[in-house]
Amino acid sequence: MPMAKPNMILIFMDDMGYGDMSCYSNTPIRTPNMDKVAGAGVKFTQMYAAAPICTPSRVGILTGRYPQRSGLSRVLFPEDEEGLTQAEVTIADCLKAQGYATCALGKWHVGCRPEHMPRQHGFDYFFGLPYSNDMDPLPLYENERVIESPPDQATLTRRYTDKAIEFIQEHKDQPFFIYLAHTMPHIPLHVEEEFRGKSAAGTYGDTIECIDWHLGRLMDTLEELDLLDNTLLMITSDNGPWYEGSTGGLRGRKFDVYEGGVRMPFVAQWPRVIPAGTLCEQPASQMDLLPTLTKLAGGEVPQDRIIDGRDIWHLFLNQGGSPHEALYFYAADSLNAIRVGKWKLHVARGFRGEDRREMPQLFDLSIDPGESYNLADRYPGLVEKLIAKMEVFDGEIREQRPAGKH
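We now turn to the structure provided with this report. Treat the numbers as computed from the prediction; the structure is a model and nothing was measured.

Right, let's talk about the packing of aromatic side chains for a bit. In total, this model carries 20 aromatic pairs according to the counting rule given. Their ring planes at 70° and their centres at 6.3 Å tell us that Tyr-66 and Tyr-328 sit as a pair that is edge-to-face. Here Tyr-66, found in the loop between α2 (54-63) and α3 (91-96), pairs with Tyr-328, found in strand β12 (residues 327-331); they are 262 residues apart in sequence, far enough to count as distant. As far as burial versus exposure is concerned, Tyr-66 and Tyr-328 are alike and both buried. For Lys-43, the ring lying beneath its charged end belongs to Tyr-24, and the centroid distance is 4.7 Å.

Put into structure tokens, the structure is as follows:
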């Protein structure tokens, strides 16, 4: 493992599908800078979000834990009193303890009360929205202060990138972590005028091409400051596409635990450390980032709680197999599916688990990533074994869930 503490930048899109990055599919959307990252480093083909919707997906990536453990399994709204509590530990908390300057930009959406906001969770600086851009009121924060309400959403991608560049310039002499959670392409779609009408994929494509162009600005800054070679740059999305966007042919979309709702694009580069053109086809989870990044920084994951993520640095180098015996897929508090090896079993469809038509469904993802052909009747013993495994895991989750969240 490399000795120097790398700078780390995690770019987190909102509702961008698996097929919306051109290095993943034959999309009409042009993403040359994202593709450049993939070509210079690693592309994961089986990276999973912790949930198929905004809030729990963000809880998962920030804490390394299934969001059901913290009781944040649904989308939060401005009137909600719930949020990420001080009992949780985030990536920023872990990296700050290792001397990192930490910055959260863009969409937060894990609670909007003062005690839930980024600077209460390990981030030195925050500039962004407390939740989704289709909610009202829509305040733009700088740290704890509302500076605009509502902001001009067409300017947000540029302004987030400007703030990221400023943070890099200010902290170039110490390791830094930037969590840049873009507002787009969540609806309503907004884009700067100079990018409007440029994409063959409509306004949706315009927003992604705009983000890609500003990514190029950020990468240029790293190069100008001679920081590129010691920066781990990662790009992914929170869940599958909503009304527009491509899943790359995978079944399902946002809200679904079919692959199109939870399998995410994920590319990363760290020049001279991650070999160019690396391809990882092992199953991994965004929850793995907390232990992986913490260990890269020289720290240890919290020992006083269950961390569901695993150190997957070896997968960034395409060495060895997945550390996960199983991955579990919840829709809110309903455990709908499990993945073990090449097999994925669905036992329910929907956020309450009430729709069990055509269930159970068993798919061999090695030959059927589109989850089109149900093999449950061919392998009844395997179905029974996987259902039993799900019941045990779900029982453990429910036992330790916060009071009032059962």
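Right, let's get into the sheet that holds β12. Strand order in the open sheet formed by four strands is β12-β13-β14-β15, with antiparallel pairing between adjacent strands. The open sheet has two edge strands with one neighbour each: β12 and β15 (361-364). On average, each strand axis in the sheet is tilted by 20° relative to the strand beside it, whichever way the strands run. Bridge analysis of strand β13 (residues 334-340) against strand β14 (residues 343-346) gives four bridges, and the strand direction is antiparallel. Directly across from Val-340, in β14, lies its bridge partner Trp-343.

The side chains of a regular strand alternate, residue by residue, between the two faces of the sheet. Burial of strand β7 (residues 176-181) is extensive: six of the six residues sit out of reach of the surface. Neither face of β7 is exposed, since Phe-176, Ile-178 and Leu-180 on one face and Phe-177, Tyr-179 and Ala-181 on the opposite face are all buried. Examined bridge by bridge, strand β1 (residues 7-13) and β7 share five bridges and lie parallel to one another. By the bridge assignment for β7, Phe-12 is matched with Ala-181.

Let us look at the state of the cysteines. As enumerated under the stated definition, the model contains zero disulfides in all. The thiol sulfur of Cys-23 is not disulfide-bonded, and the nearest other cysteine sulfur, from Cys-280, lies at 14 Å.

Ranked by size, the top nonpolar core spans 49 residues in total, and within it Ile-9, Phe-176 and Ile-178 carry the most contacts. Going through the elements one at a time, β1, α1 (32-40), β3 (101-107), β4 (125-129), α4 (156-170), β7, α5 (202-224) and β8 (231-237) are the ones with two or more residues in this core. For this core, the element with the highest residue contribution is α5, accounting for seven residues. Leave out the neighbours within four places in its chain, and Ile-178 touches Met-8, Ile-9, Leu-10, Cys-103, Leu-105, Ala-164, Phe-167 and Ile-168. Ile-61, Tyr-100, Tyr-179 and Ala-181 belong to the second largest nonpolar core, which has 47 residues in total.

What counts and how
- Residues numbered from 1 in each chain as written.
- Predicted model: local features only at pLDDT ≥ 70, side-chain atom pairs only at ≥ 80, totals over all residues.
- Heavy atoms only, no water.
- Phe/Tyr/Trp six-rings, centres within 6.5 Å; stacked < 30°, edge-to-face > 60°.
- Helix = DSSP H or I, 4+ residues; strand = E, 2+ residues; numbered from the N terminus.
- Buried < 20%, exposed > 50% of the residue type's maximum accessible area, 1.4 Å probe, protein only.
- Lys NZ or Arg CZ within 6 Å of the ring centre and 35° of its normal.
- Pairing = 2+ DSSP bridges.
- Axes fitted to C-alpha atoms, helices over the stretch in contact; angles between N-to-C directions.
- Disulfide = S-S within 2.5 Å.
- Core = buried A, V, L, I, M, F, W, Y, C linked by side-chain atoms within 4.5 Å.
- Contact = heavy atoms within 4.5 Å.

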